[in-house]
Amino acid sequence: MRVVAKFGGTSLGSGDRINRAADSIAAAVEDGHEIAVVASAMGSMTDDLLSEITFDAEEEDRSQIVSMGERISVRMLKAALASRGIDARFLEPGSEDWPIVTDDIGEVDVEETRRRTDEVAASLGEAVPVITGFLAEGTDGSVTTLGRGGSDTTAVMLGKYMHADEVVIVTDVEGVMTGDPHVVEGARNVGEISVDELRNLSFRGAEVVAPSALSYKDGKLDVRVVHYQHGDLLSGGTSIEGEFSNLVDMRERPLACLTVAGRAIRNQPGVFQSLSAALGDSEVNIDAVASGLDTITFYVDEEDAEQAETILHREVVASDALSSVTVDAPTAVIRVTGGELPNQPGIVSEIVDPLGEAHINLHDIITSATSVALFVRWDDREETLEITQELF
Ligand SMILES: Nc1ncnc2c1ncn2[C@@H]1O[C@H](COP(=O)(O)OP(=O)(O)O)[C@@H](O)[C@H]1O
Ligand SMILES: N[C@@H](CC(=O)OP(=O)(O)O)C(=O)O
């Protein structure tokens, strides 16, 4: 197998941990696998270096300074591998066959990076390359970075461009867990998780794998997260399933839009629970929920509209917190997911402005970390879809 193994800061946080990392790499190499290693800075070294830049440093100087964390790690790991009789070499920006290049605006130069990565891949049988994560080389030979958490990006990008079978992210958790194991008790490994689920989680706090790295995940490349104490690079942990995709998708069937009003909605516990439980008890599926100042809107399949209205009306009559329920005309939903949606300030107006110019009234807009859902009148759906598709 061809594997890219990425060791995060925690997994290289001390000499003991570097030994452990080198043992796991050596075992995989001795089993006949082709391994490329990506290393982050030891422990919190990047944060420590950044916090010591107390002067007004130029970007190039800043990148040079923070690059030292990863530069130390690759030397440590290379030496630890050599001490086990494993032929290894380290690669850092400036090395003769350094692979990752950024263009004039700091974005990865895909063509050049692919070309150089092919060369690194071709030499995998000779010595284990130990590559600095997080770092890249500008067109003028300067050091650039891929943003915080960028070592994950280095690993998944190289995995894709090297046609690796698998990228293994070695970190301080057993994998993606049911909750943050450093906070909640009894968290357990979820085993498998989809790219979009994990992108949402990592944009919103559970940064087990940096979200920008997951943009490089395609269906052919396996990505797995394992604990540094696990020892075996080639088994266990959490598998990240599926592929990152850009999608503009229209729900085929119309939705009914049911709005419940009530002045106490926001300050009375249990109101939302009782409404959604009542719908759930009658097998009415909720496609989406939006909340206003004194309202909650449920989007359900139009076929369920009458039943849903009857159920919600029963709840309104039974609750002092609620005043009334109403149903609106059939609604369409167009969802935009993927892309670099969450990273772009102004992306929502980029999506919404052309709709305004076309005089399409937005019924509702619901955003998540990685998606924007546009609710429009059923008759406006084709035009909305066309305008939105043109943007992506
Ligand atoms: N649901 C979750 N599952 C696993 N880890 C989680 C979750 N939510 C938050 N985390 C946190 O994500 C952290 C892993 O990211 P990070 O510290 O960047 O690792 P590394 O330094 O190895 O790159 C874990 O230490 C853990 O506290
Ligand atoms: N050292 C860099 C890159 C990185 O990805 O680190 P880690 O793998 O430890 O999250 C940073 O702190 O941003």
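Refer to the preceding data block for the structure.
So, here's what we can say about the structure. (Residues numbered from 1 in each chain as written. Chains lettered and ligands numbered in written order. Predicted model: local features only at pLDDT ≥ 70, side-chain atom pairs only at ≥ 80, totals over all residues. Heavy atoms only, no water.)

1. Quick word on the site of ligand 1
Short version of the rule: If even one non-hydrogen atom of a residue comes within 4 Å of a molecule or strand, that residue is called near it. Here a polar contact means two N or O atoms within 3.5 Å. Within protein one must be a hydrogen donor candidate and the other an acceptor candidate, and residues neighboring in sequence count only if both atoms are side-chain atoms. In the scheme used here, Gly and all other residues not listed as nonpolar or charged are polar, with Ala, Val, Leu, Ile, Met, Phe, Trp, Tyr, Cys and Pro taken as nonpolar and Asp, Glu, Lys and Arg as charged.
The environment of ligand 1 is made up of 17 residues, and the closest members are Thr171, Asp172, Met177, Asp180 and His182. Thr171 places a side-chain nitrogen or oxygen 2.6 Å from an oxygen atom of ligand 1. When the residues that make up the shell around ligand 1 are grouped by side-chain class, the tally is 6 nonpolar, 7 polar and 4 charged.

2. Quick word on the pattern of salt bridges
The condition is simple: Salt-bridge detection follows one rule: a side-chain nitrogen of Lys or Arg within 4 Å of a carboxyl oxygen of Asp or Glu. The helix count covers DSSP runs of H or I at least four residues long, the strand count covers runs of E at least two residues long, and both are numbered beginning at the N terminus.
The final tally for this structure, using the stated rule, is 18 salt bridges. Between Glu137 and Arg116 there is a salt bridge whose closest N-O contact spans 3.9 Å. Highlighted residues: Glu137 in strand 5 (residues 135-137) and Arg116 in helix 4 (residues 110-122), separated in sequence by 21 residues.

3. Overview of the sheet that holds strand 7 (residues 166-171)
Basically, it comes down to this: Paired strands, in this sense, are two strands between which DSSP finds at least two bridges. All axes are obtained by fitting lines to C-alpha atoms, using only the stretch in contact for helices, and the reported angles, taken between N-to-C directions, cover 0 to 180 degrees. In this description, contact between two residues means that some pair of their heavy atoms is separated by no more than 4.5 Å.
Ordered in space as 3-4-2-1-7-9-10-8, the 8 strands form an open sheet in which the pairing is mixed. Only two strands of the sheet have a single partner each, and these edge strands are strand 3 (88-91) and strand 8 (192-194). Pairs of neighbouring strands in the sheet enclose a mean axial angle of 25°, with direction left out of account. As defined by bridge partners, strand 8 adjoins strand 10 (residues 238-241) across 3 bridges and the pair is classed as parallel. Paired with Ser194 across the strands is Glu241, a residue of strand 10. Contacts from helix 3 (residues 59-82) reach strand 2 (34-39), strand 3 and strand 4 (128-132), with the element oriented near 160° to strand 4.

4. A closer look at the nonpolar core
To keep it simple, the criterion reads: In plain words, nonpolar cores are sets of buried Ala, Val, Leu, Ile, Met, Phe, Trp, Tyr and Cys residues tied together by side-chain atoms within 4.5 Å. When accessible area is computed with a 1.4 Å probe and restricted to protein chains, residues below 20% of their type maximum are described as buried, those above 50% as exposed, and intermediate ones as partly exposed.
Counting residues in each nonpolar core, the largest one holds 37 residues, and the members touching the most others are Val4, Val167, Val209 and Ile240. The next biggest cluster of nonpolar side chains, apart from the first, holds 27 residues, and it includes Met42, Val74, Val170 and Leu233.

5. Description of the site of ligand 2
Cut-off, in case you're wondering: In this description, accessible areas are obtained by the Shrake-Rupley approach with a 1.4 Å probe, and a residue is regarded as covered only by the protein chains that are shown.
Taken together, Lys6, Gly8, Gly9, Ser40, Ala41, Thr46, Glu70, Phe134, Arg148, Gly149, Gly150 and Ser151 make up all the residues around ligand 2. Take Thr46: an N or O atom from its side chain is 2.7 Å from a nitrogen atom of ligand 2. Here an oxygen atom of ligand 2 and a backbone polar atom of Gly149 are 2.8 Å apart. Protein burial of ligand 2: of its 340 Å² of free accessible surface, 81% is covered by the chains. Each residue belonging to the shell around ligand 2 can be placed in one class, and the counts come to 2 nonpolar, 7 polar and 3 charged.

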